[in-house]
Number of protein chains: 2
Amino acid sequence: MNRSAIITLAHGSGGQLSHELIEGLFLRHLNNEALAELNDAATVAVPSGQIALTTDSFVVSPLFFPGGDIGRLAVCGTVNDLAVTGAQPKYLCAGLIIEEGLPFETLEQVVVSMAETAREAGVQIVTGDTKVVGRGAADGLFINTTGVGIHPLALGPRRLRPGDVLLVNGTLGDHGIAVLIRREGLSFDAPLVSDCAPLNDLIAALLAACPGDVHCMRDPTRGGLAATLNEWAWSAGVGIEVDEQALPIRETVRSVCELLGFDPLYVANEGKVVIAVAPTAAERALATLRAHPLGRDAAIIGRVAEMHAGRVVLETLFGAHRLLSMPVGELLPRIC
Amino acid sequence: MNRSAIITLAHGSGGQLSHELIEGLFLRHLNNEALAELNDAATVAVPSGQIALTTDSFVVSPLFFPGGDIGRLAVCGTVNDLAVTGAQPKYLCAGLIIEEGLPFETLEQVVVSMAETAREAGVQIVTGDTKVVGRGAADGLFINTTGVGIHPLALGPRRLRPGDVLLVNGTLGDHGIAVLIRREGLSFDAPLVSDCAPLNDLIAALLAACPGDVHCMRDPTRGGLAATLNEWAWSAGVGIEVDEQALPIRETVRSVCELLGFDPLYVANEGKVVIAVAPTAAERALATLRAHPLGRDAAIIGRVAEMHAGRVVLETLFGAHRLLSMPVGELLPRIC
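Residue positions are counted from 1 within each chain, in the order its sequence is given. In the order they appear in the text, chains get letters beginning with A and ligands get numbers beginning with 1. Reporting in this predicted model follows two pLDDT cut-offs: at least 70 for local features of residues, and 80 or more for side-chain atom pairs to be given and counted; totals over whole chains, interfaces and linings ignore these cut-offs and use all residues. The basis for every side-chain value is the complete set of non-hydrogen atoms in the structure, without hydrogens or water.

### Regarding the pattern of salt bridges
Next, step 1: Definition used for salt bridges: Asp or Glu carboxyl oxygen within 4 Å of a side-chain nitrogen of Lys or Arg. Under the criterion given, the structure shown has 33 salt bridges over all chains.
Next, step 2: We note a salt bridge from R158 of chain B to E37 of chain A, for which the minimum N-O separation is 2.7 Å. Here R158 of chain B, found in the loop between strand 7 (141-150) and strand 8 (165-168), pairs with E37 of chain A, found in the loop between helix 2 (33-36) and strand 1 (42-46), and the two come from separate chains.
Next, step 3: Between R334 of chain A and D139 of chain A there is a salt bridge, and its shortest N-O distance comes to 3.1 Å. Secondary structure is summarised from DSSP: a helix means a run of H or I of at least four residues, a strand means a run of E of at least two, and numbering begins at the N terminus for each.

The structure is reproduced here in structure tokens:
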């Protein structure tokens, strides 16, 4: 096949070139039974009862960054949004919006990365859509992924209880700062890579070790830990206390943040989960996380309190208290 | 609330303004139990067995056109992709990518239109995501909608049989030409509006009237009737014969196409469905379509044949035959 070196408007036309894109790229790398039907909708099996649904668009710039790329990010982000509800991620749908002129090779790298990450997470990409817009009408490539999970649990902020212990599975701020470093062309002695990873296996291990004791989980992406905890405090009407000393943060992230005036607690993560567990299960939860490759740096970082309902309070190194407020404005755009 | 008149990067930050956008706009217009949970994933009920999944991104330009807008289009497009598999559309997920600077009022109009169209189609928008990209990084607004349908039937090209009769529920090319007229600022005596509509009610009536006799359906969007029929001919390895005389096409569409050098059979529709039924059910199917407001101009347009497998043949007004080939290249970009 005399393949075009760049993506053209005709690749999104629904005609001959669309067909070649589907057969020669998507089916080749993502092949599975549901996708191979090439119907307007994929048909997949689910057990009865409830399913979890989530959708997310990815607009990260640049498309490739240390530790990942937009394809890996799109799969991980949606897998993680399902996993934190306690559901088992099963199926993904992918919608690509491509700017005319994107090198075919770039698109192929991204699709290969999506395929590899889907295998790693144990999910199938069962249906998709490709639109091509004219030069200047989009920035390279945007990906929307929607996910279906089965057997969701009734986890969520409404299950938070005073006394619950808060944990995180590792260092904070790695993703946002890794993307920033690449985008700004900065260079540091200690290389920093994004934490971008599918967390469903780690979360399944946690749920198995602490049945009934995990009350709420969330992946602190945009807005970082601060946004997640503020949402919890607001929507559950509880107070949240965080031990600043206990927060795992890499030295590189700390340095870049100090240099550029960011706060790592507001920076996005893509392979982290904040977990609230019953106090009796806290040590078991910590040990389970630390036993998993994606939880080696796990830590207990705080607790749910009755006091200061609706607020997140940071207990600083020096014993003082300061309010960790909801992020206002946009610190780091285009990181996910 | 001192509401911002335009959408800023901060509206997509996951912080305070994101929260206001969700509460003040999305929840206000799209409210339902699953969405109101505001979890990373929505939890919804499905019967056991199979579900249908479909995803589509909408990049239409301009955002508003005669007979619809990007919001209505996004809901209808996904509802129709589910309905043509024989599934009952139930839940939608919506992913919005907004260019910084979009007027808040424009976004609100689109969200209201999505809400109205979802009600019309009997579906719920249960979860969503909003990303904001800098000026020039997208063109106003892109919407991805992913849909979940229940009780899909095993319809599809592989069920096509020689002798099957082909129908369409109304005039061809209205959507693509309506968008083109608006985009180019053309003006015609006979106003033309997009056919953009949810087809699930019409299709449910058809399936009820002809149980077991509907073999394959598809909404001929990008690439028009020609792309749909060519895909069927290819993937089923059958021939398809179309009576040119029988094709319902509005005079305005015909004129614009002649003027600008388009072929209405390659122009997108957004409220049309092509249907293949067993020959004995053809008249019943036609009567059922015509009895529905969205099928008044329904017509029998051709048949599945054993001859010329893999090809679509147009029988012209003068008794000649010509090949209706797969569209190559991009005639009308940004119409859906």
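Here the narrative resumes, following the displayed structure.
### Observations regarding the pairing of strand 11 (residues 274-277) of chain A
All names here are of chain A.
Next, step 1: Here's how the labels work: a residue is buried when its accessible area is under 20% of the maximum for its type, exposed when over 50%, partly exposed in between, all with a 1.4 Å probe on protein chains only. Here strand 11 shows a buried face lined by V274 and A276 and a second buried face lined by I275 and V277.
Next, step 2: Criterion used throughout: strands pair if DSSP finds at least two bridges between them. In this sheet, strand 11 lies alongside strand 8 (residues 165-168) in antiparallel orientation, the contact comprising 4 bridges. When the sheet's bridge partners are listed, L166 is paired in strand 11 with A276.
Next, step 3: Bridge analysis of strand 9 (residues 214-218) against strand 11 gives 4 bridges, and the strand direction is antiparallel. Note on strand 11: the bridge partner recorded for M217 is I275.

### Thoughts on the interface of chain B and chain A
Next, step 1: Contacts were defined at the residue level, with two residues in contact if any of their heavy atoms lie within 4.5 Å. Counting residues at the interface gives 74 residues for chain B, matched by 74 residues for chain A.
Next, step 2: Interface area lost by chain B to chain A is led by D40, L53 and R222 of chain B, which between them contribute 12%.
Next, step 3: Scanning the region where chain B abuts chain A turns up 8 salt bridges.
Next, step 4: For K131 of chain B, the salt bridge goes to D56 of chain A, with nearest N and O atoms at 2.8 Å.
Next, step 5: We define a polar contact as two N or O atoms separated by no more than 3.5 Å, with the added condition that, inside protein, one atom must be a possible hydrogen donor and the other a possible acceptor, whereas residues neighbouring each other in sequence contribute only through side-chain atom pairs. Across the contact surface, chain B and chain A share 30 residue pairs in polar contact (both at pLDDT 80 or more).
Next, step 6: When residues of the side of chain B that touches chain A are traced back to their parent elements, those giving at least two are helix 1 (16-30), strand 1 (42-46), strand 2 (49-58), helix 3 (70-83), strand 5 (88-99), strand 6 (124-133), strand 7 and helix 7 (224-236) of chain B. Each of two parts loses accessible area, computed with a 1.4 Å probe, when they are put together; buried area is these two losses added.

### Concerning the environment of G134 of chain B
Residues and elements named next belong to chain B.
Next, step 1: Topologically, G134 is positioned in the loop between strand 6 and strand 7.
Next, step 2: Residue G134 is classed as buried on the basis of its relative accessible area of 17%.
Next, step 3: Considered as a pair, G134 and E99 are 35 residues apart in the sequence and their alpha carbons are 6.0 Å apart.
Next, step 4: Not counting chain neighbours up to four residues away, the residues in contact with G134 comprise L9, E99 and E100.

### Regarding the packing of aromatic side chains
Next, step 1: Any two rings among Phe, Tyr and Trp, with Trp reduced to its six-membered ring, count as a pair given centres within 6.5 Å; such a pair is stacked if its planes are under 30 degrees apart, edge-to-face if over 60, and tilted if neither. Using the criterion set out here, one finds 1 aromatic pair over all chains in the structure.
Next, step 2: When the centroid spacing of 6.4 Å and the interplanar angle of 50 degrees are considered together, the rings of F142 of chain A and F142 of chain B count as tilted. Here F142 of chain B lies in strand 7 and F142 of chain A lies in strand 7 (residues 141-150), a pairing that spans two chains. One exposure class covers both F142 of chain A and F142 of chain B, and it is buried.
Next, step 3: The ring of F58 of chain B carries the charged tip of K131 of chain A above its face, separated from the ring centre by 5.6 Å. For a Lys NZ or an Arg CZ to count as sitting over a ring, it must be within 6 Å of the ring centre and within 35 degrees of the ring normal.

### A look at helix 5 (residues 174-184) of chain A
Next, step 1: Counting buried positions along helix 5 of chain A yields 8 of 11 residues, so the element is predominantly enclosed.
Next, step 2: Elements in contact with the buried residues of helix 5 of chain A: strand 3 (64-65), helix 3 (70-83) and helix 8 (251-260) of chain A.

### Comments concerning the packing of helix 1 (residues 16-30) of chain A against helix 4 (residues 104-121) of chain A
All names here are of chain A.
Next, step 1: Orientation of helix 1 relative to helix 4, taken along the N-to-C sense of each, is 30 degrees, at an axis distance of 8 Å. One element, helix 1, and the other, helix 4, form an angle in the roughly parallel class. For helix 1 against helix 4, the interelement crossing comes out right-handed. Contacts between helix 1 and helix 4 involve L21, L25, F26, R28, H29 and L30 on the former and, on the latter, F104, L107, E108, V111, V112, M114, A115 and R119.
Next, step 2: Three residue categories are used. Nonpolar comprises Ala, Val, Leu, Ile, Met, Phe, Trp, Tyr, Cys and Pro, charged comprises Asp, Glu, Lys and Arg, and polar comprises the others, including Gly. Partitioning the contact of helix 1 with helix 4 into residue classes produces 10 nonpolar, 1 polar and 3 charged. Axis lines are fitted to C-alpha atoms, over the contacting stretch for helices. Their N-to-C directions set the angle, which ranges from 0 to 180 degrees. An angle below 35 degrees is treated as roughly parallel, one above 145 as roughly antiparallel, one from 65 to 115 as roughly perpendicular, and anything else as oblique. Whether a crossing is left-handed or right-handed is set by the direction in which the near helix is turned from the far one by less than a right angle, anticlockwise for left-handed and clockwise for right-handed.

### What about a nonpolar patch on the surface?
Next, step 1: Here, patches come from residues exposed beyond 30% relative accessible area and free of salt bridges, joined within 9 Å for like charges and within 5 Å for nonpolar side chains (Val, Leu, Ile, Met, Phe, Trp, Tyr). Computed with the Shrake-Rupley method and a 1.4 Å probe, the accessible areas treat only the protein chains shown as cover for residues. Taken together, the side chains of L186, L259 and L260 of chain A make up a nonpolar region of the molecular surface, amounting to roughly 270 Å² of accessible area.
Next, step 2: With a relative accessible area of 38%, L260 of chain A lands in the partly exposed category.

### Quick notes on the sheet that holds strand 9 of chain A
Residue and element names in this part refer to chain A.
Next, step 1: Read across the open sheet, the 7 strands follow the order 9-11-8-12-10-13-14; overall the sheet is mixed. A strand with exactly one partner marks an edge of an open sheet, and here the two such strands are strand 9 and strand 14 (321-323). When the angles between neighbouring strand axes are averaged without regard to direction, this sheet yields 25 degrees.
Next, step 2: In this sheet, strand 12 (residues 299-305) lies alongside strand 10 (residues 239-243) in antiparallel orientation, the contact comprising 4 bridges. Within the sheet, the bridge partner assigned to I240 lies in strand 12 and is V304.
Next, step 3: Running at roughly 35 degrees to strand 11, helix 7 (residues 224-236) makes contact with strand 8, strand 9, strand 10, strand 11, strand 12 and strand 13 (312-315) of the sheet.

### What to know about the domain arrangement of chain A
Residue and element names in this part refer to chain A.
Next, step 1: You can read the domains of chain A as domain 1 (9-150) and domain 2 (157-323).
Next, step 2: For every domain, the bounds stem from an assignment made automatically or drawn from a database. Placing a centre on the C-alpha atoms of domain 1 and another on those of domain 2 gives a separation of 28 Å.
Next, step 3: Taken together, the contact pairs 20 residues of domain 1 with 21 residues of domain 2.
Next, step 4: In this assembly, domain 1 packs against domain 2 so that about 1700 Å² is buried in total across both faces, 64% of it on carbon and sulfur atoms.
Next, step 5: Looking only at domain 1, the three residues that lose the most surface to domain 2 are P66, N80 and V84, adding up to 33% of its buried area.
Next, step 6: In this assembly, domain 1 and domain 2 are joined by 0 salt bridges.
Next, step 7: Our enumeration of links across domain 1 and domain 2 arrives at 7 residue pairs in polar contact (both at pLDDT 80 or more).
Next, step 8: Breaking the side of domain 1 that touches domain 2 down by element, the ones donating at least two residues are strand 3, helix 3 and helix 4.
Next, step 9: Ranked by residue count, the leading element in the side of domain 1 that touches domain 2 is helix 3, at 8 residues.
Next, step 10: Tallied by class, the residues present in the side of domain 1 that touches domain 2 amount to 12 nonpolar, 5 polar and 3 charged.

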